[in-house]
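The residues making up each chain are set out below.
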Amino acid sequence: MVNAPADANTLELLAELAASTPRLDLAACRGQWELFDSTRVRAGRHVLEQGRAEALGICAQCPALAACGEWLESLPRRRRPKGVVAGRLIACKF
Ligand code: SF4
């Protein structure tokens, strides 16, 4: 599979996100992107529910939960990431 080059709008959005994303050095989800991504991707209902439950459990124990929640609240709703973030399930249809 060949990836298409990102357009200017995508690069601008990524730069904006990178600049506005806080450093969460103690984030418990660090290195677990597959689990957190699986909470928003159609991976099959059982896998999805299991992933969401596990991710929510990790967030509940995360030392960066408060800072993560403040960052999430600072974002306009349309810019908030989907899936499990800051101990919440964001904008998922099922
Ligand atoms: S609260 Fe959850 S999403 Fe936020 S940094 Fe911690 S583990 Fe990651």
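Scroll up for the structure.
Described in the following lines is the structure provided in the data block. (Residues numbered from 1 in each chain as written. Predicted model: local features only at pLDDT ≥ 70, side-chain atom pairs only at ≥ 80, totals over all residues. Heavy atoms only, no water.)

A few words on helix H4 (residues 65-74). Of the residues making up H4, those classed as buried are Cys68, Gly69, Trp71 and Leu72. Relative to the axis of H4, the buried residues are bounded by an arc of 160° and lie together on one face. Those residues of H4 that are exposed and aimed more than 90 degrees away from the buried face are Ala66, Glu70 and Ser74. Check the buried side of H4 and you find it contacts helix H1 (8-20), strand E1 (83-85) and strand E2 (88-90). (Buried < 20%, exposed > 50% of the residue type's maximum accessible area, 1.4 Å probe, protein only. Helix = DSSP H or I, 4+ residues; strand = E, 2+ residues; numbered from the N terminus. Arc of directions from axis to C-beta. Contact = heavy atoms within 4.5 Å.)

The next thing to look at is H1. With 13 residues, H1 should reach 18 Å at 1.5 Å per residue; the first-to-last C-alpha distance of 18 Å fits that figure. Measuring from the backbone nitrogen of Asn9 back to the side-chain oxygen at the start of H1 gives 3.0 Å, which picks out Asp7 as the cap. (Expected span 1.5 Å × (residues − 1). Polar contact = N/O pair within 3.5 Å; in protein donor to acceptor, adjacent residues only side chain to side chain.)

This paragraph deals with the site of the ligand. Leu24, Ala27, Cys29, Ile58, Cys59, Cys62, Leu65, Cys68 and Ala86 make up every residue found near the ligand. A molecule is said to occupy a pocket when more than half its atoms come within 2 Å of that pocket's grid points, and by this definition the ligand occupies the largest pocket. Going through the elements one at a time, helix H3 (45-60) and H4 are the ones with two or more residues in the shell around the ligand. When its residues are assigned to classes, the shell around the ligand shows nine nonpolar, no polar and no charged. (Near = heavy atom within 4 Å. 1 Å grid on protein atoms, 1.4 Å probe; cavity = no way out; pocket = protein on both sides within 12 Å on 5 of 7 lines; lining within 4 Å. Sits in = over half its atoms within 2 Å of the grid points. Nonpolar A, V, L, I, M, F, W, Y, C, P; charged D, E, K, R; others polar.)

All right, on to the side chain of Arg80 then. With respect to the helices, strands and loops of the structure, Arg80 is situated in the loop between H4 and E1. Assessed through its relative accessible area of 11%, Arg80 is described here as buried. Sequence-distant contacts of Arg80, defined by excluding residues within four places in its chain, comprise Leu72, Glu73, Leu75 and Ile90.

Looking at where Gly51 falls in the secondary structure, it is placed in helix H3. Accessibility expressed as a relative area gives 5% for Gly51, which makes it buried. Sequence separation between Gly51 and Asp37 is 14 residues; the distance between their C-alpha atoms is 8.9 Å.

Any functional reading would require information that these geometric values do not contain.
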